Amino acid sequence: MKRAFYIFLFLLTLSHISFGQELAIPANYSVVDSVAGDLDKDSIAELVVVYNMGPENEIDGVPRELIIYKIRNGKWTEWKKSDQALYRSKDGGMEGDPFGKIEIKNGILLISQDGGSSWKWGFTDKYRFKDGEFYLIGYSSYAGRICEYWEYVDFNLSTGKMIVKKEFEECETKEQKIYKRENETLYEKGLIITIQKRQEREIKISTPKYKHEIYIAIGKE
């Protein structure tokens, strides 16, 4: 609750600094996080806001929406949005809220999420604006459990290059010991995913050598 309050104050301050722009928060929405930066290389910062789309549900959590605003006529005006770029507030499992952070670096929008319990997972999406849409250009992830294995994926969708590393651990002593590594590089070209349709369909890639199953998207439920 405090976090949302401080973010709201930040948005008010940002509006005041940026020549008095106003931000109209959708009805029944609440702010989770926000970041400002130039995403379309016009030298004018856009505003990216993560929202809860209603009150928290004790069992399922609350769905989330990401809205990107541009300044038009002195106001923050909705430009792009997606209800598939973010998991629900309880989709992190025992870890709780899966939302990590949003950032803008060199015009690229980064969204990080994670979760799990003893088995943990996390991933970061990278989006670039091109030809009127935000396209997924990078995906990096980790998954695994201490004393079992850790799997790391680095996928450049622009080039199609995917690097998959898997480290198997044992803990017979107090120290973790890696007893086997499986490293693999493959190419999966032509995969096009927009921020609006991030989870539109399940996308699973099986590596040719070790047969690891990599889920880039889990599909809409």
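Relevant structure appears above.
Here's a quick rundown of the structure. (Residues numbered from 1 in each chain as written. Predicted model: local features only at pLDDT ≥ 70, side-chain atom pairs only at ≥ 80, totals over all residues. Heavy atoms only, no water.)

### Brief notes about the overall build of the chain
Next up, step 1: Counting its secondary structure elements, the chain contains one helix and 13 strands.
Next up, step 2: Secondary structure elements in the chain, listed N-terminal to C-terminal, are α-β-β-β-β-β-β-β-β-β-β-β-β-β.
Next up, step 3: Within the chain, buried positions represent 42% of all 221 residues.
Next up, step 4: When the accessible surface of the chain is summed, it comes to about 12800 Å², and 50% of that surface belongs to carbon and sulfur atoms. (Helix = DSSP H or I, 4+ residues; strand = E, 2+ residues; numbered from the N terminus. Buried < 20%, exposed > 50% of the residue type's maximum accessible area, 1.4 Å probe, protein only. Areas by Shrake-Rupley, 256 points an atom, 1.4 Å probe, with all protein chains shown as cover.)

### Some details on the sheet that holds strand β2 (residues 46-52)
The strands that make up a sheet are held in pairs by hydrogen bonds between backbone atoms, and each pair lies either parallel or antiparallel.
Next up, step 1: Spatial ordering of the open sheet is given by β1-β2-β3-β4, a layout of four strands whose pairing is antiparallel. Edge strands, defined here as strands with exactly one partner in the open sheet, are β1 (30-37) and β4 (75-82). With strand direction ignored, the average angle separating the axes of adjacent strands in the sheet is 30 degrees.
Next up, step 2: With six bridges connecting them, β2 and strand β3 (residues 64-72) associate as antiparallel partners. (Pairing = 2+ DSSP bridges. Axes fitted to C-alpha atoms, helices over the stretch in contact; angles between N-to-C directions.)

### Details of the nonpolar core
Next up, step 1: Judged by nonpolar contacts, the single largest core of 34 residues is most densely connected at I111, F155, M162 and I216.
Next up, step 2: In this view, F155 contacts I137, G138, Y139, G160, K161, M162, E188, L191, I205 and I216; residues no more than four positions away in its chain are not counted.
Next up, step 3: In terms of nonpolar packing, the next biggest core, distinct from the first, is built from eight residues, V49, Y51, I67 and Y69 among them. (Core = buried A, V, L, I, M, F, W, Y, C linked by side-chain atoms within 4.5 Å. Contact = heavy atoms within 4.5 Å.)

### Structural notes on the pairing of β4
Next up, step 1: Pairing analysis gives seven bridges linking β3 to β4, with the strands arranged antiparallel. The residue of β4 that forms the bridge with L66 is S82.
Next up, step 2: Counting the residues between successive antiparallel strands, the hairpin from β3 to β4 contains two residues, one of them, N73, with a positive phi of roughly 55 degrees.

### Some points on the side chain of Q113
Next up, step 1: Of note, Q113 is situated in strand β6 (residues 108-116).
Next up, step 2: There is a polar contact of 3.2 Å between the side chain of Q113 and the backbone oxygen of A85.
Next up, step 3: Ignoring sequence-local partners within four residues, the contact set of Q113 consists of A85, L86, Y87, P98, G100, W121, G122 and F123. (Polar contact = N/O pair within 3.5 Å; in protein donor to acceptor, adjacent residues only side chain to side chain.)

### Let's talk about the side chain of D125
Next up, step 1: Assignment of secondary structure puts D125 in strand β7 (residues 120-130).
Next up, step 2: By relative accessible area, D125 is classed as buried at 1%.
Next up, step 3: Polar contacts involving the side chain of D125 include one to the side chain of Y127, which spans 3.4 Å.
Next up, step 4: One polar contact links D125 to R198, side chain to side chain, over a distance of 2.9 Å.
Next up, step 5: Among residues more than four places away in sequence, those in contact with D125 are L109, L110, I111, L136, G138, Y139 and R198.

### Examining the sheet that holds strand β8 (residues 133-145)
Next up, step 1: Taken in spatial order, the seven strands line up as β5-β6-β7-β8-β9-β10-β11 in an open sheet, and their pairing is antiparallel. Only two strands of the sheet have a single partner each, and these edge strands are β5 (99-105) and β11 (177-187). With strand direction ignored, the average angle separating the axes of adjacent strands in the sheet is 15 degrees.
Next up, step 2: Both strand β9 (residues 149-156) and strand β10 (residues 161-170) contribute to a ladder of eight bridges, which runs antiparallel. The partner of V153 across the bridge, within β10, is V164.

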